[in-house]
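# Summary of structural features
Here is what each chain is made of, one letter per residue.
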Amino acid sequence: MSIKYCDQHKDCERQRLYRRFCAALAALVLLALLIVLVVWLVLRPSKPRFYLNNVDIVCINVSSSSSSLLTVTMQATVAARNPNERVGIFYDRADVYAEYRGLQATVATALPPIFQAKGGDATVWAPFLSGAGVPLPPYLAAALAQDETAGYLLLTIRVNGWIRFKAGAFITGHYHLRVRCPALLTVNDGQGSYGSNAGGGSGYFKFQRAAPCVVDL
């Protein structure tokens, strides 16, 4: 009986030590989370602000074969600013591409990783965007032709990536950055594709004005 009692006593001691260890570990985790929460609430980092400064379209062409294929080349000038006074931003990865009525019209172009310091630091990118042989559904081919004829073309420049915030020695985990920038362009000064400059050329597509972008994290 004494041997059995001793074994049970050792099992109880191990269980007691295990429970204490788990409780201490849980307390440390909760303390760390509380510190992170306090730091976050004190600093209150704001998401970056993006602006579309210009879109310069070199060419847009739709093949006249049975299956419409879109070829486009353009340059988009996008600016990003860090509005935080006490928090820096790491742009670990960011890709930019152009979209027409929900269709990705160009391949994604990677932007170089950067760090934006606190206090309103700003960065400007001007990547070239291109797409060749992009399948265009019949309804979008018709919509593009109608837009050119009407004299106005609406595109969307999108930025998709991952960022982190830095406050002192504290660095957060990754946040998914999604940016949507509307780009309104006139076609042949608003006269459309039947004007005197029909067929394209320099100044055929003109970006209207710089505009703020919608930023989601």
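Just so it is clear, the model here is predicted, and its values are computed rather than measured.

### Observations concerning the overall build of the protein
When you go through the protein residue by residue, the secondary structure sums to two helices and 14 strands. The buried share among the 217 residues of the protein stands at 35%. Residue pairs at least 24 apart in sequence account for 71% of intrachain contacts in the protein once pairs closer than 6 positions are excluded. For the protein, the accessible surface area stands at approximately 12,700 Å², while carbon and sulfur atoms represent 59% of it.

### Re the confidence of the model for the protein
Segments scoring low in pLDDT should not have their predicted coordinates read at a detailed level. The predicted model of the protein has a mean per-residue pLDDT of 85, with 86% of residues at 70 or higher. Within the protein, the element-level pLDDT minimum falls on helix α1 (residues 2-43), averaging 69, and the maximum on strand β5 (residues 109-111), averaging 97.

### Side note on the nonpolar core
Among the nonpolar cores identified, the biggest contains 47 residues, and F50, L52, V55, I57, M74, L153 and I157 are the most heavily contacted of them. Mapped by element, the contributors of at least two residues to this core are β1 (49-62), β2 (69-81), β3 (88-100), β8 (128-135), α2 (138-150), β9 (152-167), β11 (175-187) and β12 (205-207). Among the elements that take part in this core, β9 stands out by supplying seven residues, more than any other. Beyond its immediate chain neighbours, meaning those up to four positions away, I57 contacts T73, M74, L153, L155, L185 and F205.

### Focus: the pattern of salt bridges
All told, the structure shown has five salt bridges when counted by the stated rule. Between D95 and R93 there is a salt bridge, with its nearest N and O atoms 3.5 Å apart. For D147, the salt bridge identified is with R101, shortest N-O distance 3.1 Å. Highlighted residues: D147 in helix α2 and R101 in the loop between β3 and β4 (103-104), separated in sequence by 46 residues. Here R101 falls in the exposed class, since its relative accessible area comes to 51%.

### Let's talk about the packing of aromatic side chains
The description of an aromatic ring pair rests on the distance of the ring centres and on the angle between the ring planes. If you walk through the whole model with that rule in mind, you get six aromatic pairs. Both rings, one in F50 and one in W125, keep their centres 6.2 Å apart while their planes meet at 15 degrees; by these two values the pair is stacked. Placement of F50 in strand β1 and of W125 in strand β7 (residues 122-125) is noted, with a sequence separation of 75 residues between them. F50 sits in the buried class, given a relative accessible area of 2%. With a relative accessible area of 7%, W125 lands in the buried category. Note on F165 and Y175: the rings are 5.6 Å apart at their centroids and 70 degrees apart in plane angle, and the pair reads as edge-to-face. Within this pair, whereas F165 is found in strand β9, its partner Y175 is found in strand β11, the two being separated by 10 residues in sequence. Clustering of aromatic rings is evident, with ring pairs tying together F50, Y91 and W125. When the ring centre of F90 is taken as reference, the NZ or CZ atom of R164 above it lies at 4.9 Å.

### Quick word on the pairing of β3
Buried residues dominate β3, accounting for 11 of its 13 residues. By the bridge criterion, 11 bridges tie β3 to β9 in an arrangement that is antiparallel. Along β9, the bridge assignment pairs R93 with W162. Looking at chain direction, β3 and strand β6 (residues 114-116) are connected through three bridges and run antiparallel. Residue pairing in the sheet places F90 in a bridge with F115 of β6. In terms of strand pairing, β3 meets β5 through three bridges, oriented antiparallel. Paired with A94 across the two strands is L111, which belongs to β5. Looking at chain direction, β3 and β4 are connected through two bridges and run antiparallel. Along β4, the bridge assignment pairs Y100 with L103.

Cut-offs and rules
- By convention here, each chain's residues receive numbers from 1 onward along its written sequence.
- Owing to the predicted nature of the model, reporting of local features is limited to residues with pLDDT of at least 70; listing and counting of side-chain atom pairs is limited to 80 or more, with chain, interface and lining totals taken over all residues.
- Side-chain measures here rest on the full set of heavy atoms in the structure, leaving out hydrogens and waters.
- In DSSP terms, a helix is any run of H or I states spanning at least four residues, a strand is any run of E spanning at least two, and both are numbered starting from the N terminus.
- Exposure classes here rest on a 1.4 Å probe applied to the protein chains alone. A residue is buried below 20% of its type maximum, exposed above 50%, and partly exposed in between.
- Contact definition: two residues touch when any of their heavy atoms are within 4.5 Å.
- Areas reported here follow the Shrake-Rupley algorithm with a probe of radius 1.4 Å; residue values treat only the protein chains shown as occluding.
- A score from 0 to 100, pLDDT tells how confident the predictor is in each residue.
- Residues grouped as a nonpolar core are buried Ala, Val, Leu, Ile, Met, Phe, Trp, Tyr and Cys residues, joined through side-chain atoms within 4.5 Å.
- For this document, the term salt bridge refers to a Lys or Arg side-chain nitrogen within 4 Å of an Asp or Glu carboxyl oxygen.
- Only rings of Phe, Tyr and Trp enter the pairing, Trp through its six-membered ring, and a pair is recorded when the two centres are within 6.5 Å. The plane angle decides the type: under 30 degrees is stacked, over 60 is edge-to-face, the rest tilted.
- Only when the NZ of Lys or the CZ of Arg is both within 6 Å of the ring centre and within 35 degrees of the ring normal is a charge said to sit over the ring.
- Each pair of strands is called paired provided DSSP finds at least two bridges between the two strands.

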